Amino acid sequence: IARGLRWASADDADPGSDARYTQGALALSFPLSTGLDCEPVSDALTVVSGAPHSAYAAPDPQAWAARFLQAVVEVVASERPLAQLARWTDAAVFAEISDRRERVADRRARARSRGGRQVVATVHISRPEGAVAEVAARVTAGRRSRAIAARLDYSRGRWLCTAIDFG
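Since this is a predicted model, take the numbers as computed values, not measurements.

A. Summary view of the environment of Glu-79. With respect to the secondary-structure elements, Glu-79 resides in the loop between helix H1 (62–76) and helix H2 (91–111). Taking C-alpha positions, Glu-79 is 9.3 Å from Arg-117, a pair spaced 38 residues apart along the chain.

B. The arrangement of the packing of aromatic side chains in detail. Applying the stated criterion across every chain, the model contains 3 aromatic pairs. Cluster of aromatic residues (ring-pair linked, three or more members): Trp-64, Phe-68 and Trp-88.

C. Up close: a positive patch on the surface. A contiguous patch of positive charge, built from Arg-103, Arg-107, Arg-110, Arg-144 and Arg-146, is present on the exposed surface. At the level of elements, H2 and strand E7 (144–155) are the ones that each hand at least two residues to the positive patch. Residue position: Arg-144 is located in strand E7.

D. Representation of the pairing of strand E8 (residues 158–166) in the model. Pairing analysis gives 8 bridges linking E7 to E8, with the strands arranged antiparallel. From the neighbouring strand, Ala-149 faces E8, where its bridge partner is Asp-165. The antiparallel hairpin formed by E7 and E8 contains 2 residues in its connecting segment, where Arg-156 sits at a positive phi of about 55 degrees.

E. Representation of the nonpolar core. The biggest cluster of nonpolar side chains holds 31 residues, and the ones touching the most others in it are Phe-68, Leu-69, Val-72, Ile-97, Leu-152 and Ile-164. At the level of secondary structure, the elements contributing two or more residues to this core comprise H1, H2, strand E5 (119–129), strand E6 (132–141), E7 and E8. Residue contributions to this core peak at 10 residues, all from H1.

Each value, and the rule that gives it
Residues numbered from 1 in each chain as written. Predicted model: local features only at pLDDT ≥ 70, side-chain atom pairs only at ≥ 80, totals over all residues. Heavy atoms only, no water. Helix = DSSP H or I, 4+ residues; strand = E, 2+ residues; numbered from the N terminus. Phe/Tyr/Trp six-rings, centres within 6.5 Å; stacked < 30°, edge-to-face > 60°. Patch = residues over 30% accessible without salt bridge, like charges linked within 9 Å, V, L, I, M, F, W, Y side chains within 5 Å. Areas by Shrake-Rupley, 256 points an atom, 1.4 Å probe, with all protein chains shown as cover. Salt bridge = Lys/Arg side-chain N within 4 Å of Asp/Glu carboxyl O. Lys, Arg positive; Asp, Glu negative; His and termini not counted. Charge placed at Lys NZ, Arg CZ, Asp CG, Glu CD. Pairing = 2+ DSSP bridges. Core = buried A, V, L, I, M, F, W, Y, C linked by side-chain atoms within 4.5 Å. Buried < 20%, exposed > 50% of the residue type's maximum accessible area, 1.4 Å probe, protein only.

So far we have only geometry, and geometry alone does not tell us how the molecule works.
If you want it as structure tokens, here you go:
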């Protein structure tokens, strides 16, 4: 298990809440040998906002944003198929991720080495508007860290990444 992540089952859901918000098939969940369905949840998630969640027209993006950015990192590292991000990104972002993936693959081929597994260590979310989330994440690989920033817009019942920047 990656440092900074804990595994949570559906039983960990807040008993006072209705149902967990789940956005499509991007989830990194899987069944354990015990038969429980689990998904990675970051203890490091932080929401930076002054307004209460109930004031927003869109569901809370915390868990989905962390899973989405981890999927982006895995796509760029060629550990996950690029096509899995098509539904969750607009055309410009999809092209940016595709280009980044090719550049990283070219660099690795020239260096003939493969870096350590990259993990989303922290995620900070700001909600400037009800249907917008601005996300900043720190990605670690061994002792090195990098940043990713993304803008998520809530449209047609789902979060969609409309901008991404790799640091």
